[in-house]
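Spelled out, the chains give:
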Amino acid sequence: MKYLPVFLNVQDAPCLVIGGGDIAQRKVHSILRAGAHVTVLSPDLSPGLQALLHQKKIIWQKALFTVEALKGFKLVISATNQRKVNELVAASAMSLGIPVNVVDCPDLCSFIFPALIDRSPIILAISTGGASPILARVLRSRLESLIPNRYGRLAGLAERARDRVKKAIPEATHRRRFWEETLQGGLQDLILNGQDQQAEREFDRLLDVACKPSSAKTTGFVSLVGAGPGDPELLTLKALRILQEADVIVHDRLVSDGILRLGRTDAERIDVGKAMSRHTLPQEDINRLLVSLARKGQRVVRLKGGDPFIFGRGGEEIETLMEEGIPFQIVPGITAAIGCAAYAGIPLTHRDYAQSVSFVTGHSREGLGCQIDWKPFVNTQQTLVIYMGLQAFPAIRDSLIREGADPHRPAAIIEEGTTSSQRVVVGSLESLYEKATAAGIKSPALIIIGEVVRLHSKLTWFGSSKVHESMESTEL
Ligand code: SAH
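Cut-offs and rules
Numbers given to residues run from 1 along each chain, matching the order in which its sequence is written. Predicted model: local features are reported for residues with pLDDT of at least 70 only, side-chain atom pairs are reported and counted for 80 or more only, and whole-chain, interface and lining totals are derived from all residues. Working from all heavy atoms in the structure, the side-chain values ignore hydrogens and water. Strands are runs of DSSP state E lasting at least 2 residues, helices are runs of H or I lasting at least 4, and numbering of each runs from the N terminus. Both definitions apply: the radius of gyration is a C-alpha atom measure, and the globule rule equals 2.2 Å times residues to the power 0.38. The rule is simple: take the accessible area with a 1.4 Å probe, protein chains only, and divide by the maximum for that residue type; under 20% is buried, over 50% is exposed, in between is partly exposed. Contacts are assigned to residue pairs that have any heavy atoms within 4.5 Å of one another. For every accessible area listed, the method is Shrake-Rupley and the probe measures 1.4 Å; residues are considered covered only by the protein chains on display. All tallies of charge rest on Lys and Arg as positive and Asp and Glu as negative; His and the ends of each chain are not included. The atoms used to mark charge sites are NZ of Lys, CZ of Arg, CG of Asp and CD of Glu. Boundaries between domains were set according to an automatic or database domain assignment. Summed over both partners, the accessible surface that disappears when two parts come together, traced with a 1.4 Å probe, is what is meant by buried area. Here, a salt bridge means any side-chain nitrogen of Lys or Arg that lies within 4 Å of a carboxyl oxygen of Asp or Glu. Contacts described as polar in this section are N or O atom pairs within 3.5 Å, which, within protein, must combine one atom able to donate a hydrogen with one able to accept it, while residues neighboring in sequence count only if both atoms come from side chains. Under the grouping applied here, Gly and all other residues not named as nonpolar or charged are polar, the nonpolar ones being Ala, Val, Leu, Ile, Met, Phe, Trp, Tyr, Cys and Pro and the charged ones Asp, Glu, Lys and Arg. Buried Ala, Val, Leu, Ile, Met, Phe, Trp, Tyr and Cys residues form a nonpolar core when they are joined through side-chain atoms within 4.5 Å.

(A) Representation of the overall build of the protein chain in the model. A count of helical and extended segments in the protein chain gives 17 helices and 21 strands. Taking 23 Å as the expected radius of gyration for a compact globule of 476 residues, we find that the protein chain reaches 31 Å, considerably beyond that expectation. The principal-axis extents of the C-alpha atoms in the protein chain amount to approximately 90 × 65 × 40 Å. Looking at the 476 residues of the protein chain, the share that counts as buried comes to 45%. Looking at the protein chain alone, contacts between residues at least 24 apart form 63% of all its contacts between residues at least 6 apart. Counting every atom, the protein chain has about 24,800 Å² of accessible surface; 54% of that belongs to carbon and sulfur. The positive charge centre, built from 56 side chains, and the negative charge centre, built from 51, are 6 Å apart in the protein chain.

(B) Local environment of the domain arrangement of the protein chain. For the protein chain, the domain assignment lists domain 1 (14–113), domain 2 (151–210), domain 3 (221–334) and domain 4 (337–475). A separation of 26 Å is found between the C-alpha centroids of domain 2 and domain 3. Taken together, the contact pairs 7 residues of domain 2 with 7 residues of domain 3. Across the interface of domain 2 and domain 3, roughly 550 Å² is buried in total on both sides, 37% from carbon and sulfur atoms. Linking domain 2 with domain 3 are 2 salt bridges, by the criterion used here. Where domain 2 touches domain 3, the interface holds 7 residue pairs in polar contact (both at pLDDT 80 or more). Here the side of domain 2 that touches domain 3 is composed, by residue class, of 1 nonpolar, 5 polar and 1 charged.

(C) A look at unusual backbone geometry. With an omega of 5 degrees, the peptide bond between Ser-120 and Pro-121 qualifies as cis. Looking at the element boundaries, Pro-121 is found in the loop between β6 (115–119) and β7 (122–126). Following Ser-443, the chain continues to Pro-444 via a peptide bond in cis, the omega torsion being 0 degrees. Within the secondary structure, Pro-444 sits in the loop between α15 (432–438) and β21 (445–449). Despite not being glycine, Phe-311 has its phi angle at roughly 45 degrees, a positive value. Examined against the element boundaries, Phe-311 turns out to sit in the loop between β13 (299–304) and α12 (314–323). Not every positive phi belongs to a glycine, and Arg-313 is a case in point at roughly 60 degrees. Tracing the backbone through its elements, the reader meets Arg-313 in the loop between β13 and α12.

(D) Broad picture of the nonpolar core. Trp-374, Leu-400, Ile-413 and Ile-449 are the most contacted members of the largest nonpolar core, which has 24 residues in total. For this core, the secondary-structure elements that each account for two or more residues are β18 (382–387), α14 (393–402), β19 (410–415), α15 and β21. Leaving out residues up to four positions away in the same chain, Ile-413 has contacts with Leu-390, Arg-423, Val-424, Val-425, Leu-432, Ala-436, Ile-441, Ala-445, Leu-446 and Ile-447. Ala-13, Leu-49, Ala-79 and Val-103 belong to the second-largest nonpolar core, a separate cluster that totals 19 residues.

(E) Spotlight on the pattern of salt bridges. Applying the stated criterion to the full structure yields 26 salt bridges. Note that Arg-150 and Asp-196 form a salt bridge whose closest N and O atoms lie 3.5 Å from each other. A residue pair is termed long-range when its members are at least 10 positions apart, and Arg-150 in the loop between α4 (133–144) and α5 (151–168) and Asp-196 in helix α8 (residues 196–211) qualify at 46 residues. For Arg-150, a relative accessible area of 29% gives the class partly exposed. Accessibility expressed as a relative area gives 25% for Asp-196, which makes it partly exposed. Asp-285 is the partner of Arg-288 in a salt bridge, and the nearest nitrogen-oxygen pair spans 2.9 Å. Placement of the pair is Arg-288 and Asp-285 together in helix α11 (residues 283–295), with a separation of 3 residues, close to one helical turn. A cluster of three or more residues bridged by salt bridges with shared partners is formed by Asp-189, Arg-241, Glu-245 and Arg-299.

(F) Geometry of the side chain of Arg-397. Within the secondary structure layout, Arg-397 lies in helix α14. A relative accessible area of 13% means that Arg-397 is categorised as buried. Those residues within four positions of Arg-397 in sequence are excluded, and the remaining contacts are Leu-429, Glu-430, Tyr-433 and Glu-434.

Written out as structure tokens, the structure reads:
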């Protein structure tokens, strides 16, 4: 380790920045954020620094650098473009024992600035020891996306409660366990979802329970998470984080192995998979399972294909949790229509072809397709997306044509969209079912009907649907 990472307290400390250009200005901003009293020494100031001077946020010494200028300062930054001046500043500051940073000259520095992720009061500092500041910044942006913006609030809550917890749980190991469980539990999600008041109440309750272990009644937390259409990279950052924290993952058949592998290896995985005609576990039982797992104090992820609220029965599961007083959250996912359309190069709306889009199920509570009134969907300016429509498609097609839809309207079916097994078959409303059957298309498959399907041959970018291109060109 080339440098010792420390966090310096510069609250109200007099700090000197030498140089009045843009680079100096950036450093001034960093140390102002840490509460320093900043003096800028330079014959002239950049417009940004002038603005700070105007707002009385900095003091200006309009002068050239001399060694005397360092007197009384606790920290010095040299941001001039003159090597000789920088060398003099560094040597003088070091001889006086004042920490000094010369911008972009690691050899002249007694300290360097790391790349920062600011989730105040949490600060993450990344350094390559001066080897490559750009690499540190690249790494920073990767980490930025992993740490939710509101994470700092969790630290704020912990800070406020620290003394109280110390008094309530005097034994150190017991206290550490309390903090570990509390900071990783459902409380975290309440804070990250902006439910600060509920979080404070939940914290009080947890502390109460921790003080009286005999009467402890733990409540878990259920996250209803959309896993997206298949490609694991289409998970949201939030879904990924929650998945990695789960004790139990209750999932559907549609959720791919690639996504399930992202959970902790020791997390329990329960498949409640529902093939359309093979209900492995009735909905009632799934609802009850979620409640009982949460009652055991587990962090439960109910993982559903696509989005939980699009033909996913998410609403029914949430109703039960609500009735039973189990805390929960909902994490949206990319629904099959959005994912498949993008990966098949079929824009669902287009200024020239479609001003609206409808998502319809081919399989309602009452059974296959026919109960739906198809009249509103024959409009040529609209795209129609049918979920769970493969089996019922002949009936749907006939109803649409009966209601006035053009039999030659372009239509496509996408099997296992967004995965490496994706296949796209293109035809017309009239011909699609036969073509799909000939190609052996199976569920999960999504049907898109509308003029926008014409764009598929032009916009195909993912995988290869070449097998079916000849069909398409004869048809469209
Ligand atoms: N909640 C899910 C939909 C569940 S209904 C979502 O928002 O996507 C199940 C139907 O979704 C399937 O029958 C199929 O029509 C469609 N579907 C889901 N994933 C799919 C995929 N990867 N490729 C094609 N269709 C898919």
